[in-house]
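The chain contents come next:
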Amino acid sequence: MAPVCPQTLKSYLPLVNQIVAQIARRLPANVLRDDLLAAGVFGLLDSLRRNGGNGGDTFEWYARMRIRGAVVDELRAQDWLSRRRRAAVTAAREGESGAARPTCLVSLHDLTPVEEQVHLVAEDEDPAAALEARESYRALFRAMEQLPERERQIVGMHYFDGVKLKDIGAHLGVSEPRVSQLHARALGRLKILIQRAAA
């Protein structure tokens, strides 16, 4: 193939920018525009090598198709879902809300230990036991929501945050024996609420 004249390449770069701008409007912020521009330039180079750039309007139409194709190929290469799965996810989102919603990504480092236990299964864990544990956690959380605010705070701080009863008392402005009483009352209420839910 003949080498591409740099001046010809430069004269069609605004076309690449225009096509990338049109496509980028519908994309999430995590897609890098520079990657799309690079793919578009490769598409332009390919069209110039194949056609030479001397066809006027006909060449511009051809170049548009090659540039757009190269950008779309780059987007597909960056997508970790297959085309079929991406279409299914998009259709499900549009069905839920009538319009596509932005994706929210959460790092596994952002999960608390309790969330890890509720949502993730360890490799060596029995799936049936994991399901049972999740159901127990859900029952516990539903029961905790029914506790009075102060008792819910004590249980949450002690069992989920690892705070000692003495420190909880200082935080709430009550004595340690009083925190111990509230703690015992909360555990009794939780037991009754969980038993009622299971019945």
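In this report, we go over the structure that sits alongside the text. The model shown is predicted, which means the values in this text are computed figures rather than measured ones. (Residues numbered from 1 in each chain as written. Predicted model: local features only at pLDDT ≥ 70, side-chain atom pairs only at ≥ 80, totals over all residues. Heavy atoms only, no water.)

1. What about the packing of helix α7 (residues 149-160) against helix α9 (residues 176-198)?
So, step 1. Orientation of α7 relative to α9, taken along the N-to-C sense of each, is 95 degrees, at an axis distance of 9 Å. Taken together, α7 and α9 sit at an angle that is classed as roughly perpendicular. Residues Arg150, Glu151, Ile154, Val155, His158 and Tyr159 of α7 lie in contact with α9, whose contacting residues are Val179, Leu182, His183, Arg185, Ala186, Leu187, Arg189 and Leu190.
So, step 2. Residue classes in the contact of α7 with α9 are distributed as 8 nonpolar, 2 polar and 4 charged. (Axes fitted to C-alpha atoms, helices over the stretch in contact; angles between N-to-C directions. Helix = DSSP H or I, 4+ residues; strand = E, 2+ residues; numbered from the N terminus. Parallel < 35°, antiparallel > 145°, perpendicular 65-115°, else oblique. Contact = heavy atoms within 4.5 Å. Nonpolar A, V, L, I, M, F, W, Y, C, P; charged D, E, K, R; others polar.)

2. Focus on the packing of helix α2 (residues 33-51) against helix α3 (residues 57-78)
So, step 1. The geometry of α2 relative to α3 is characterised by a closest axis approach of 8 Å and an angle of 140 degrees between their N-to-C directions. Comparing their axes, α3 and α2 come out oblique. In this structure, α2 crosses over α3, and the sense of that crossing is right-handed. Packed against α2, whose contacting residues are Asp35, Leu36, Ala39, Gly40, Gly43, Leu44, Asp46, Ser47, Leu48, Arg50 and Asn51, the element α3 presents Phe59, Tyr62, Ala63, Arg66, Ile67, Ala70, Val71, Glu74, Leu75 and Gln78 at the interface. (Left-handed = near helix turned anticlockwise from the far one by under 90°.)

3. Remarks on the packing of aromatic side chains
So, step 1. Following the criterion strictly, the structure yields 1 aromatic pair and no others.
So, step 2. On the numbers, 5.0 Å between centres and 70 degrees between planes, the contact of Tyr12 with Phe59 is edge-to-face. Residue Tyr12 is located in helix α1 (residues 6-24), and its partner Phe59 is located in helix α3; the two are separated by 47 residues in the primary sequence.
So, step 3. When its relative accessible area of 15% is taken as the criterion, Tyr12 is described as buried.
So, step 4. The exposure class assigned to Phe59 is buried, which follows from its relative accessible area of 0%. (Phe/Tyr/Trp six-rings, centres within 6.5 Å; stacked < 30°, edge-to-face > 60°. Buried < 20%, exposed > 50% of the residue type's maximum accessible area, 1.4 Å probe, protein only.)

4. Overview of the nonpolar core
So, step 1. Among the nonpolar cores identified, the biggest contains 17 residues, and Leu44 and Ile67 are the most heavily contacted of them.
So, step 2. For this core, the secondary-structure elements that each account for two or more residues are α1, α2 and α3.
So, step 3. In terms of residue count, α1 provides more of this core than any other element does, 7 residues in total. (Core = buried A, V, L, I, M, F, W, Y, C linked by side-chain atoms within 4.5 Å.)

5. As for α3
Residues spaced three or four apart along an α-helix point in a common direction, a consequence of the helix completing one turn every 3.6 residues.
So, step 1. A rise of 1.5 Å per residue sets the reference length of α3, with its 22 residues, at 32 Å; its end C-alpha atoms lie 32 Å apart and thus fit the reference within 8%.
So, step 2. Here α3 has its buried residues at Phe59, Ala63, Ile67, Ala70, Val71 and Leu75. In a view along the axis of α3, the buried residues occupy a sector of 140 degrees, so they form one face of it. Away from its buried face, by an angle of more than 90 degrees, α3 presents the exposed residues Asp57, Thr58 and Trp61. (Expected span 1.5 Å × (residues − 1). Arc of directions from axis to C-beta.)

6. Focus: the pattern of salt bridges
So, step 1. All told, the structure shown has 7 salt bridges when counted by the stated rule.
So, step 2. With a shortest N-O distance of 3.6 Å, Arg185 and Glu151 are connected by a salt bridge. Of this pair, Arg185 sits in helix α9 while Glu151 sits in helix α7, placing them 34 residues apart in sequence.
So, step 3. One salt bridge in this structure joins Glu151 and Arg189, with 3.3 Å as the shortest N-O distance. In this pair, Glu151 sits in helix α7 while Arg189 sits in helix α9, placing the two residues 38 residues apart along the sequence.
So, step 4. By relative accessible area, Glu151 is classed as buried at 3%.
So, step 5. Residue Arg189 is classed as partly exposed on the basis of its relative accessible area of 33%.
So, step 6. Several salt bridges converge on common partners, so that one network encompasses Asp46, Arg50 and Arg66. (Salt bridge = Lys/Arg side-chain N within 4 Å of Asp/Glu carboxyl O.)

7. With respect to α1
So, step 1. With 19 residues, α1 should cover 27 Å at 1.5 Å per step; its first-to-last C-alpha distance of 26 Å lies within 8% of that length.
So, step 2. Check the buried side of α1 and you find it contacts α2 and α3.

8. Quick look at the side chain of His183
So, step 1. Secondary-structure assignment places His183 in helix α9.
So, step 2. Ignoring anything within four residues of it in the chain, the contact list for His183 reads Ile154, His158, Tyr159 and Leu165.

9. Observations regarding the environment of Val71
So, step 1. Following the sequence through the fold, Val71 ends up in helix α3.
So, step 2. In the structure, Val71 is positioned 29 residues away from Phe42 in sequence and 9.1 Å away in space, judged by C-alpha atoms.
So, step 3. The contact partners of Val71, leaving out residues within four places of it in the chain, are Val20, Ile23, Leu36, Ala39 and Gly40.

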